[in-house]
Amino acid sequence: MCLVPSSKFDLEACKRLSAAPDEQVIPCLAELFIWIQDMNWPVAFPLASVLCCYKPSMLIQHVEDIFQSGDEIWKYNVLLYILPRAPELAWMLRTEIQRMAMDPTKNEQEEEVHDAAYQLLTDDNFKNWVCVNGLPYTWDTLDHPY
């Protein structure tokens, strides 16, 4: 069973992916994340909706790789379409997300990655998740510098 979309129109792959056990998904994750590089592709939104449901331990390395990739649009897409629905993963990546929000590179500024990072860190769902889990975090350090 192929879990990776064969084209940008392969919505059936998203259905197969959502029904597949983690053991089958794990080897495909790097390829699956490639499909959210461009959110204009029809498969991108359904795929993002499925990806955000996996355990943070399955996703973290792939998101870290994206954050280090230099592809600002890909970073933006992860910040906007994956991490808001995966607050535990966002928490695990908060240091890099906060860096993007408060001290972005020139390219991150040009592609508005800093805005997406700030939006994520100040999102009520993320704040509520942090509070419910009793984690120490101070939002007053997040005065948006831009």
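Residues numbered from 1 in each chain as written. Predicted model: local features only at pLDDT ≥ 70, side-chain atom pairs only at ≥ 80, totals over all residues. Heavy atoms only, no water.

Take the confidence of the model for the protein next. Scored by pLDDT, the protein comes out at a mean of 91, with 92% of its residues at no less than 70. Within the protein, no element has a lower average pLDDT than helix α11 (residues 124-132), which sits at 82, and none a higher one than helix α6 (residues 72-81), at 98. (pLDDT = per-residue confidence, 0-100. Helix = DSSP H or I, 4+ residues; strand = E, 2+ residues; numbered from the N terminus.)

Interhelical geometry of helix α8 (residues 94-102) versus helix α10 (residues 113-121) gives an angle of 125° and a closest axis separation of 7 Å. In terms of orientation, α8 lies oblique with respect to α10. Crossing angle aside, the handedness with which α8 passes α10 is left-handed. Each of Ile 97, Gln 98, Met 100 and Ala 101 in α8 lies in contact with α10, whose residues at this interface are Val 113, His 114, Ala 117, Tyr 118, Leu 120 and Leu 121. Class assignment of the residues belonging to the contact of α8 with α10 gives a composition of eight nonpolar, two polar and no charged. (Axes fitted to C-alpha atoms, helices over the stretch in contact; angles between N-to-C directions. Parallel < 35°, antiparallel > 145°, perpendicular 65-115°, else oblique. Left-handed = near helix turned anticlockwise from the far one by under 90°. Contact = heavy atoms within 4.5 Å. Nonpolar A, V, L, I, M, F, W, Y, C, P; charged D, E, K, R; others polar.)

A word on the environment of Ala 30. Tracing the backbone through its elements, the reader meets Ala 30 in helix α3 (residues 29-34). On the basis of relative accessibility, which here comes to 42%, the residue Ala 30 falls in the partly exposed class. Along the sequence, Ala 30 and Asp 124 sit 94 residues apart, while their C-alpha atoms lie 29 Å from each other. (Buried < 20%, exposed > 50% of the residue type's maximum accessible area, 1.4 Å probe, protein only.)

Before going further, it helps to examine the packing of aromatic side chains. Taken as a whole and judged by the stated rule, the model has two aromatic pairs. Centroid distance Trp 35 to Trp 41: 5.4 Å. Interplanar angle 65°. Geometry classified as edge-to-face. An angle of 85° between the planes, with centres 5.0 Å apart, marks the rings of Phe 45 and Tyr 81 as edge-to-face. Residue Phe 45 is found in helix α4 (residues 44-51), and its partner Tyr 81 is found in helix α6; the two are separated by 36 residues along the sequence. Given a relative accessible area of 23%, Tyr 81 falls into the partly exposed group. If you follow Arg 94 out to its NZ or CZ, it ends over the ring of Trp 91, 3.8 Å from the centre. (Phe/Tyr/Trp six-rings, centres within 6.5 Å; stacked < 30°, edge-to-face > 60°. Lys NZ or Arg CZ within 6 Å of the ring centre and 35° of its normal.)

With that out of the way, let us pick up the state of the cysteines. Enumeration according to the criterion identifies zero disulfides in this entry. Its sulfur unpaired, Cys 52 is 4.1 Å from the next cysteine sulfur, which belongs to Cys 53. Exposure remark for Cys 52: the relative accessible area of 7% places this residue in the buried category. (Disulfide = S-S within 2.5 Å.)

Once that is clear, we can look at α11. A distance of 2.9 Å separates the backbone nitrogen of Asn 125 from a side-chain oxygen at the start of α11, and that oxygen is part of Asp 123. Following α11 by one or two positions, Gly 134 adopts a phi angle in the positive range, close to 65°. (Polar contact = N/O pair within 3.5 Å; in protein donor to acceptor, adjacent residues only side chain to side chain.)

The topology assignment puts Glu 72 in helix α6. We classify Glu 72 as buried; its relative accessible area is 9%. Among all residues touching Glu 72, those that are not within four sequence positions of it are Asn 107, Glu 108, Glu 111 and Val 113.

Before going further, it helps to examine the packing of α6 against α10. Look at α6 against α10: their axes get within 9 Å of each other, and the N-to-C directions meet at 15°. In terms of their interaxial angle, α6 and α10 are classed as roughly parallel. In this structure, α6 meets α10 at a crossing whose hand is left-handed. Contacts between α6 and α10 involve Glu 72, Lys 75, Tyr 76, Leu 79 and Leu 80 on the former and, on the latter, Val 113, Ala 116, Ala 117, Gln 119 and Leu 120. Considered class by class, the residues forming the contact of α6 with α10 number seven nonpolar, one polar and two charged.

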